[in-house]
Amino acid sequence: MAKAYDFKAIEKKWQEIWDDVQCFKAETGSEKPKAYYLIEFPYPSGQGLHVGHPRPYTALDIVSRMKRMQGHNVLFPIGWDAFGLPTENYAIKTGIHPAIITKNNIEHFKQQLKSLGYSFDWSREVNTTDPGYYKWTQWIFLQLFKAGLAYKKEFPINFCTSCKVGLANEEVVNGVCERCGGEVIRKTKNQWMLKITEYAQRLLDDLDNVNFIERVKTQQSNWIGRSEGADVDFHLNGHNDALSVYTTRPDTMFGATYMVISPEHPFVDKYKDYIKNFEEVNAYRAATEKKSDFERTEMAKDKTGVKLEGLNAVNPANNKIIPIYISDYVLMSYGTGAIMAVPGHDERDWDFAKAFNLPIIEVVKGGDVAVGAYTDCEKGVLVNSGMLNGLSVDEAIAKMIAWLEEKNLGKKRVNFKLRDWVFSRQRYWGEPIPLVYCEKCGWVPIDESELPLLLPHTDNFIPTESGESPLANLKDWINTTCPKCGGAAERETDTMPQWAGSSWYFIRYIDPDNDEAMASDEAMNYWMPVDWYNGGMEHTTLHLLYSRFWHKFLYDKGYVNTSEPYAKRTSHGMILGENNEKMSKSRGNVINPDEIVLEYGADTLRTYEMFIGDFEKAAPWSMNGVKGVKRFLDRVYRMQEFVAGGDEYSQDMMTAMHKAIQKVTYDYENLKANTAIATLMSLVNDFYNKNQINKAEIKTFLMLLNPSAPHITEEIWKNLGFKGYLHNAPWPKYDEAKLIDDVIQIPVQINGKLRGVIDADKDATQEEIKQIIIENKNISAFLEGKTVVKEIYVPGKIYTIVVK
RNA sequence: GCCGGAGUGGCGGAAUCGGCAGACGCUCAGGACUUAAAAUCCUGUGGGAGCAUUCUCGUGCGGGUUCAAGUCCCGCCUCCGGCACCA
């Protein structure tokens, strides 16, 4: 009688052994084929590990462990994305310095991750708050700055009134702060911006060259939001000046009956002396300014606006004089901040025209513009449009653009929804921006030899009331000399956003201690690109796009050797509470992974998280499901009690074993560990039914289960006296010829209905099978008195007879 | 509104190329062991009919293709995710 399954002792023991023998270290330059698997490094929050974390980690740990057994040199690294708001907010609340909080949180996370037995190469651990790390984050920023891709701009930004910090558009979700849920208002700030828009086309095009799951590609391409159209000049009547608009429908220009410009448009001030109702216009402008983007876009679908009395434009298509309005439905941040309004064929313009009683002209036939805008580009035919009459929409667009370009009135243009990346944070806990401002020289980068520019220590890390960074209070630190002219200069007090450190961490993993470069060429050539990156859908439009942008920039400058950082991207579903709702403290449905490890063990937690369901979909937690997996591992452990000798699989298990190897191998590699585990559970049921498992069978079984439940399998491996460590045993192989039983079951259908299942030799001919069917009275009864019309035999699968 | 994804037992889910729908697990019911309970083991578990060999219906809804449809085609419905006054 073997001893009971003492998972606590077993797991502790094997984690120590793995640490001692350093078996998961990746070797740069190894002869073995390389495999770089990446999970999103965690933000070490005060809450500790969530049961959501182990789902993707375990999935790629399984692949890593299997690939090592298959002879690959696997890099499976881990690190900490440790700068950022939650830590800083907690520091402000408690008065504890963020550096200390970060250190403690990392320690806690590390201990938790270690308890789960992941095969991380801990010697390559990175930490974005480590000066040795952020030296290179700053260095990359300097390269961007030197390349003219970083610029400072007065910009109305989203400002969280609770965090007192500027947010990127991506961080505002449904009008509130993504992190704290606080109210977001518009505030003009002088911000550092990164020109990601210069890479928009390439970020879109190169999606064709990478193996990303479809929904990631679509979301990225939606976010980039490419459109084709034209910039068109509308001359101001009586002025030697033109209002430039962007339109995707130049074909409808003859239907443009008025123009609308954004309240922030510079023409409002430029022509204020000509605008007779400037007071009214200004009042509208002031009212708009007070609104948040949320109020402007989500709340107010009703059209408002003011006519600019005394200022008119000329429609270049027909030379008609048309009025100009300001309205908040036109956004300064898209296109040119001005539009030509075609109420007949644009719903927003139609609504506005109705509200202000403006003329609506039909220029594309097919609908009824009295009832609503007609926007079908497929079927419409141009009317009331001079030279365009009779053309389809596509033909008219081409002809109009050609005409505009010829007359020098406009130009074809591609436009993107993607906007430049707001890179400044008025916060303490981030990488200092390594620039100084000199009255004489302007913004000057500090010398690269000065990097890292250390984040100065201060106990006053509370944001200032004006919304400046706490660094603004540190006069000694701010005051410096200009690297260019030697005169007095001041340091930038904004810090970088959390997205900075995570935009390149996968590069640092390949050579984490290099002080001369982000990583050596040798490491770069050996490891890049990342073969497989798994992460959450919530990072599809932010982190993934930003890091692809940085990587492309570094590639252009020759600092990295691939134009895309990640060859493959997959995504995991969320783990929900038992009540099918998102896990949260307030809902009281949070499961703590530590408690599961304590009560059931790490192997149970890992295996359960894989067994919970389809990896890509959200799945509710089930404590009974956890118990079911624990029961399975108990049964595995007890199999030791009936192990028999045998160097070969026993005859009755031959097919099942080979099939299991095939299926489990395929499943692990394709994020289908749930069915791999189901297969292994079936095997265990078979062994229990026989009350026996032989040495050859349990050897293979342990190897197959090892990636998912590494501790228990190593332990049994050793108990049974098998050689060496299981984690570097060679992955089992299956024999194609042994995937089919000698005797197979063939279902027999008559007129599409299943009438029986017969046993036949696996190589039996159709005639032989037919004979067996005729001899089977239950089945042949259905053939009596009927004429056989058709017979189909799909070898090994099904036998179908059609009768009349 | 636009773009993706998905609808299968009481539940999580499986069915990899059009070939036995419901693997595996949970739940539940019955039984064994036990003084008893827990644990463990065994049996059953989509609906309906029947003592039963069995028959019949069944993968969101309505059609279609096929010897054969969860899977392919056409038309809908619902849910989830992303984007959205983007000109």
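Scroll up a little and you will see the structure.
The rules behind each value
- Residues numbered from 1 in each chain as written.
- Chains lettered and ligands numbered in written order.
- Predicted model: local features only at pLDDT ≥ 70, side-chain atom pairs only at ≥ 80, totals over all residues.
- Heavy atoms only, no water.
- Pairing = 2+ DSSP bridges.
- Helix = DSSP H or I, 4+ residues; strand = E, 2+ residues; numbered from the N terminus.
- Axes fitted to C-alpha atoms, helices over the stretch in contact; angles between N-to-C directions.
- Contact = heavy atoms within 4.5 Å.
- Salt bridge = Lys/Arg side-chain N within 4 Å of Asp/Glu carboxyl O.
- Buried < 20%, exposed > 50% of the residue type's maximum accessible area, 1.4 Å probe, protein only.
- 1 Å grid on protein atoms, 1.4 Å probe; cavity = no way out; pocket = protein on both sides within 12 Å on 5 of 7 lines; lining within 4 Å.
- Points joined across faces, edges and corners; volume = space filled by probe spheres on them.
- Core = buried A, V, L, I, M, F, W, Y, C linked by side-chain atoms within 4.5 Å.
- Expected span 1.5 Å × (residues − 1).

**Focus: the sheet that holds strand β31 (residues 743-750)**
In step 1: Sheet architecture is open: four strands sit in the order β32-β31-β34-β33, paired in mixed fashion. Of all the strands in the sheet, the pair left with one neighbour each is β32 (753-761) and β33 (788-794). Ignoring strand direction, the axes of neighbouring strands in this sheet form an average angle of 20 degrees.
In step 2: Bridge count for β31 against β32 is eight bridges, and the pairing is antiparallel. From the neighbouring strand, I746 faces β32, where its bridge partner is I758.
In step 3: Together, β31, β32, β33 and β34 (798-803) form the strand contacts of helix α24 (residues 766-775), whose direction differs from that of β32 by roughly 120 degrees.

**Remarks on the pattern of salt bridges**
In step 1: Within this structure, the stated rule accounts for 34 salt bridges.
In step 2: The closest approach of N and O atoms between R569 and E40, which form a salt bridge, is 2.9 Å. In this pair, R569 is assigned in strand β26 (residues 568-571) and E40 in the loop between β1 (34-39) and α2 (54-69), connecting sequence segments 529 residues apart. When sorted by exposure, R569 lands in the same class as E40, which is buried.
In step 3: Between K552 and D206 there is a salt bridge, with the nearest N and O atoms lying 2.4 Å from each other. A residue pair is termed long-range when its members are at least 10 positions apart, and K552 in helix α16 (residues 543-556) and D206 in the loop between α6 (200-205) and β10 (211-212) qualify at 346 residues.
In step 4: Here K552 falls in the buried class, since its relative accessible area comes to 0%.

**Some points on empty space enclosed by the protein**
Regions of empty space are outlined by a rolling probe, equal in size to a water molecule, passed over the atoms.
In step 1: In total, this model carries three cavities of 30 Å³ or more according to the counting rule given.
In step 2: Here the second largest cavity defines a volume of roughly 70 Å³.
In step 3: Considering the residues around the second largest cavity, the lining is formed by A59, I62, V63, E609, M610, G613, F615, Y668, L671, K672, A673 and N674.
In step 4: Elements with a contribution of two residues or more to the lining of the second largest cavity: α2, α18 (602-611) and α21 (673-690).
In step 5: Of the residues forming the lining of the second largest cavity, the biggest block, three residues, is contributed by α2.

**Quick notes on the nonpolar core**
In step 1: W621, F632, M639 and F701 are the most contacted members of the largest nonpolar core, which has 89 residues in total.
In step 2: Here this core gets nine residues from one element, more than from any other, and that element is α21.
In step 3: Judged by nonpolar contacts, the second largest core, of 84 residues, contains F212, I213, C482 and A519.

**Things to note about helix α20 (residues 654-669)**
In step 1: For α20, built from 16 residues, the straight-helix expectation of 22 Å at 1.5 Å per residue is met to within 8% by its first-to-last C-alpha distance of 23 Å.
In step 2: Those residues of α20 that sit buried are M654, T655, M657, H658, A660, I661, V664, T665, D667 and Y668.
In step 3: On its buried face, α20 is in contact with α2, α21 and α22 (695-705).
In step 4: Following α20 by one or two positions, L671 adopts a phi angle in the positive range, close to 55 degrees.

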